[in-house]
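Coordinate analysis (summary)
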Amino acid sequence: MLHGIDVSAHQSATYDTDGLAFVFIKATEGRTYVNPKLAAQTKHAREAGLTVGFYHFLWPGNLTAQAEYFVGKAPERAGDILAVDWETTGAGTHASNAEKDRFLREVKALRPRHRVVLYCNRHFWLNVDTTSYAGDGLWIADYVTAGRPRIQARWRFHQYTDDPLDRNVADFPSRAALLEWATME
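Residues numbered from 1 in each chain as written. Predicted model: local features only at pLDDT ≥ 70, side-chain atom pairs only at ≥ 80, totals over all residues. Heavy atoms only, no water.

On to the overall build of the chain. Across its full length, the chain holds 5 helices and 9 strands. When the elements of the chain are put in sequence order from the N terminus, they spell out β-β-β-α-β-α-β-α-β-α-β-β-β-α. The principal-axis extents of the C-alpha atoms in the chain amount to approximately 40 × 35 × 35 Å. Taking all 185 residues of the chain together, 51% fall into the buried category. Across the chain, every contact between residues at least 6 apart in sequence was considered, and the portion connecting residues at least 24 apart equals 60%. For the chain, the accessible area works out to roughly 8500 Å², and carbon and sulfur atoms hold 48% of it. (Helix = DSSP H or I, 4+ residues; strand = E, 2+ residues; numbered from the N terminus. Buried < 20%, exposed > 50% of the residue type's maximum accessible area, 1.4 Å probe, protein only. Contact = heavy atoms within 4.5 Å. Areas by Shrake-Rupley, 256 points an atom, 1.4 Å probe, with all protein chains shown as cover.)

Before going further, it helps to spend a moment on the pairing of strand S1 (residues 2–7). In terms of burial, S1 is largely enclosed, as 5 of its 6 residues are buried. Sheet analysis places S1 next to strand S9 (residues 166–170), joined by 5 bridges and oriented antiparallel. What sits directly across from Asp6, in S9, is Asp166. When S1 meets strand S2 (residues 22–29), the two strands line up parallel, connected through 4 bridges. Bridge pairing in S2 places Ile5 opposite Val23. (Pairing = 2+ DSSP bridges.)

Along helix H5 (residues 175–182), the residues that are buried comprise Leu178, Trp181 and Ala182. Projected down its long axis, H5 shows its buried positions confined to an angular sector of 95°, all on one face. Summarising the contacts, the buried residues of H5 are in contact with S1, S2, strand S4 (51–57), strand S5 (81–85), strand S6 (115–121) and strand S8 (157–161). Where H5 ends, the next residue or the one after it, Met184, has phi of about 60°, a positive value. (Arc of directions from axis to C-beta.)

Where burial is concerned, most of S5 is hidden: 5 out of the 5 residues are buried. Here S5 shows two buried faces, one formed by Ile81, Ala83 and Asp85 and the other by Leu82 and Val84. In the sheet, S4 pairs with S5 via 5 bridges, with the strands oriented parallel. When the bridges of S5 are listed, Tyr55 appears paired with Ala83. With helix H2 (residues 63–73) bridging S4 and its parallel neighbour S5, the resulting β-α-β unit is right-handed. Bridging between S5 and S6 involves 5 bridges; their strand directions are parallel. Bridge assignment links Ile81 to a residue of S6, and that residue is Arg115. Assessed by its sense of winding, the connection that carries the chain from S5 through helix H3 (residues 97–110) to S6 is right-handed. (Right-handed = clockwise from strand over helix to strand, strands pointing away.)

As a further point, take the packing of H2 against H3. Where H2 contacts H3, the axes come no closer than 9 Å and their chain directions differ by 40°. Overall, the two elements H2 and H3 adopt an arrangement that is oblique. For the element pair H2 and H3, the recorded crossing hand is right-handed. Residues Leu63, Thr64, Gln66, Ala67, Glu68, Phe70 and Val71 of H2 form the contact with H3, whose own contacting residues are Glu99, Arg102, Phe103, Glu106, Val107 and Leu110. Across the contact of H2 with H3, the residue classes break down as 7 nonpolar, 2 polar and 4 charged. (Axes fitted to C-alpha atoms, helices over the stretch in contact; angles between N-to-C directions. Parallel < 35°, antiparallel > 145°, perpendicular 65-115°, else oblique. Left-handed = near helix turned anticlockwise from the far one by under 90°. Nonpolar A, V, L, I, M, F, W, Y, C, P; charged D, E, K, R; others polar.)

Put into structure tokens, the structure is as follows:
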């Protein structure tokens, strides 16, 4: 398994990359927020030779506008992965299953040469999701042993802790295999 992290404006632009193969960086949220550290965190990841993913925190409504906002702000390089973060918002709401599915499809239509994955926690996957649609792959959050999320579905990435930061593993045998999958070769 490969190790990685995910970062947002809450983390340093010069996070530790030792032992990592990938990083997911928060790019946008809704239709107005852009991570102020996006450029610096991206530069740091690329300089370390990591596979880079970008995620959008999804709000209900305005799906086309959110998809366009996300792909307009997220850097674009071959091999970058795009993700939708589907969970409860600060307002206590969440996008519906249909909205989540439509957002994934719209991002894929806007960036057809990029993998587009779904991030959600185990509760959402087992109790909120009704379509099991995860685009090109599932990134599941379940704070248990790395690589052993308590779900039956095939997953690509597993966020297994958020202490002291969000740590993940990827279900690929090597960095080369991850890069090959990400570049859709």
